[in-house]
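Spelled out, the chains give:
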Amino acid sequence: MSREEIKRALIQRLGSRTSGQELAKSFGISRAAVWKAVQSLRAEGYEIEASRRGYRLASMPDLLSEDLVKAGLETKFVGRTVLSYPSLVSTNAEAKKIAPSAENGTVVVAEVQTVGRGRMERSWHSPKGGVWISVILKPKIPPSLAFRVNVAAAVAVARALEALYGLGVGIKWPNDLMVGERKVCGILTEIGAEMDSLYYAVVGIGINANLDPDSFPEDWKATSISGLLGRDVLRLELVRRVLEEVERACGEMAASFDRVIGEWSDRSATLGRRVRITTRSGEFEGRAEALEADGALLVRRDDGRGERVIAGDCVHLRPAIEKVEEGI
Ligand code: BT5
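Here's what I pulled together on the structure shown here. (Residues numbered from 1 in each chain as written. Predicted model: local features only at pLDDT ≥ 70, side-chain atom pairs only at ≥ 80, totals over all residues. Heavy atoms only, no water.)

Comments concerning the sheet that holds strand β15 (residues 306-309)
Two pairing modes exist for strands in a sheet, parallel and antiparallel, and in both the strands are linked by backbone hydrogen bonds.
Next, step 1: Spatial ordering of the open sheet is given by β15-β14-β13-β12-β16, a layout of 5 strands whose pairing is antiparallel. Of all the strands in the sheet, just β15 and β16 (313-316) have a single pairing partner and so form its edges. Between one strand and the next, the sheet's axes are offset by a mean angle of 45°, whatever the strand orientation.
Next, step 2: Both strand β12 (residues 274-279) and β16 contribute to a ladder of 4 bridges, which runs antiparallel. Within β16, the residue paired with Thr-278 across the bridge is Asp-313. (Pairing = 2+ DSSP bridges. Helix = DSSP H or I, 4+ residues; strand = E, 2+ residues; numbered from the N terminus. Axes fitted to C-alpha atoms, helices over the stretch in contact; angles between N-to-C directions.)

What follows is the structure, given as structure tokens:
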């Protein structure tokens, strides 16, 4: 049995108190080897009580290690390989580096990113406590349809946040997940392609999980899951669920993209709203009408002209529903 296997088996067995002798016997190793494994788990932050009656696991660190992410993950290909780092410049940068030779579904995760990336060369604040992951996907689609991966990822993360925490999550075009008017997650999809073949898509997902909502500058209009729920969440559970939903959405993307776009539209916090769009060629205002089949946002200008926006930024100008406060 390797050291890692012993550790994994220990984690599974230590929920209730188990004697060192029993553990040694069931793993076919010496009691000294059990003790060593316990010590190395402690060094990783596991709290293990030891008494004359045996060992018991009192608490686990919420670390996104390869073993822990993979344990109990119910997927076929997403997360079959997990590369976990205490710190990286950016999980997307690392994923792009390894993508050409990586298997479909490889996941790169870091506890901290030193230069996390947003879209258009912007930076993404990525301290300890968040979920910073990149998934390498190799769908058999032409590069012109690569935007579908981004749409599917947004739907996937929205489903995960809703299922785990009951949060009502809206998708702000193109890639922000919002609770109310505040952003809890950003997605950055980057691709490697030639004219007619997509080699890979790297889907970078940044979720403000256990972060102090007051630590963000006000003009970011950001918040965190812990801020919304008033408690920290188990990031491991969140990562596993996100990966499961990403795999599911990939399957749906291949089978019926209309359905995925339908769900994106139903969840959209942008459609039906008055928006200000900024693109490389300028700025304009109008009403967001639809997400088109090629990923463009259709915006109706005030003079009635429809404008298709492929890439750009979008500011919501007015709440979708005017709330009427009623007196008693
Ligand atoms: C995004 O960009 O929303 C995409 C963010 C993707 C981050 C993930 S983390 C894992 C992977 N590895 C990476 O290096 N990146 C991906 P954008 O829409 O451009 O938003 C960036 C802007 O949001 C910044 O200019 C700030 O104003 C603001 N911002 C920065 N950090 C934030 C945070 N943690 N939460 C909310 N807003 C943030």
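Some thoughts on the nonpolar core
Next, step 1: Counting residues in each nonpolar core, the largest one holds 82 residues, and the members touching the most others are Leu-161, Leu-177, Ile-205 and Ile-207.
Next, step 2: Examining the composition of this core, we find that 13 residues originate from one element, helix α6 (residues 147-165), more than from any other.
Next, step 3: Grouped together as the second largest cluster of nonpolar side chains are 9 residues, Ala-95, Ala-99, Ala-102 and Tyr-200 included. (Core = buried A, V, L, I, M, F, W, Y, C linked by side-chain atoms within 4.5 Å. Buried < 20%, exposed > 50% of the residue type's maximum accessible area, 1.4 Å probe, protein only.)

Things to note about the site of the ligand
Next, step 1: Lining the immediate environment of the ligand, one finds 26 residues, of which Ser-90, Arg-117, Arg-122, Lys-183 and Asn-208 sit closest.
Next, step 2: Within the backbone of Asn-92, one N or O atom sits 3.4 Å away from a nitrogen atom of the ligand.
Next, step 3: Taking Arg-119, its main chain carries an N or O atom lying 2.9 Å from an oxygen atom of the ligand.
Next, step 4: Out of a free accessible area of 790 Å², the ligand has 93% covered by protein chains.
Next, step 5: Counting only elements with at least two residues in the shell around the ligand, the list comes to α5 (91-98), β5 (116-117), β6 (123-124), β7 (131-137), β10 (182-194) and β11 (197-207). (Near = heavy atom within 4 Å. Polar contact = N/O pair within 3.5 Å; in protein donor to acceptor, adjacent residues only side chain to side chain. Areas by Shrake-Rupley, 256 points an atom, 1.4 Å probe, with all protein chains shown as cover.)

So, the pattern of salt bridges
Next, step 1: Under the defined criterion, the tally for this structure stands at 33 salt bridges.
Next, step 2: A salt bridge links Arg-182 to Glu-218; its shortest N-O distance comes to 2.8 Å. Of the two residues, Arg-182 sits in strand β10 while Glu-218 sits in the loop between β11 and α7 (225-229), which places them 36 residues apart along the sequence.
Next, step 3: In the salt-bridge network here, residues are joined through shared partners; they are Arg-159, Glu-162, Arg-241, Glu-245, Arg-248, Glu-252, Arg-259, Glu-263 and Arg-267. (Salt bridge = Lys/Arg side-chain N within 4 Å of Asp/Glu carboxyl O.)

A closer look at the state of the cysteines
Next, step 1: If you walk through the whole model with that rule in mind, you get 0 disulfides.
Next, step 2: Cysteine Cys-185 is unpaired, with the sulfur of Cys-250 as its nearest cysteine sulfur at 15 Å. (Disulfide = S-S within 2.5 Å.)

Points about the side chain of Arg-267
Next, step 1: On the secondary structure map, Arg-267 appears in helix α9 (residues 257-267).
Next, step 2: Not counting residues up to four positions away in its chain, the partners in contact with Arg-267 are Ala-158, Arg-159, Glu-162, Val-169, Gly-170 and Ile-171. (Contact = heavy atoms within 4.5 Å.)

Some details on helix α2 (residues 20-27)
Note: α-helices contain 3.6 residues per turn, so residues at a spacing of three or four share the same orientation.
Next, step 1: Looking at α2, one finds that the buried residues are Gly-20, Leu-23, Ala-24 and Phe-27. Angular distribution of buried residues about the axis of α2 spans 100°; they occupy a single face of the element. Counted as exposed and oriented over 90 degrees from the buried face of α2: Gln-21 and Lys-25.
Next, step 2: Looking one or two places after α2, you find Gly-28, whose phi comes out positive at around 65°. (Arc of directions from axis to C-beta.)

Brief notes about the sheet that holds strand β9 (residues 176-179)
Next, step 1: Read across the open sheet, the 7 strands follow the order β3-β4-β7-β11-β10-β9-β8; overall the sheet is mixed. Only two strands of the sheet have a single neighbouring strand rather than two, namely β3 (82-88) and β8 (170-172). Shown here is a sheet whose adjacent strand axes are inclined to one another by a mean of 20°, direction ignored.
Next, step 2: Relative to strand β4 (residues 107-113), β3 is paired through 6 bridges, and the arrangement is parallel. Of the residues in β4, the one forming a bridge with Leu-88 is Gln-113.

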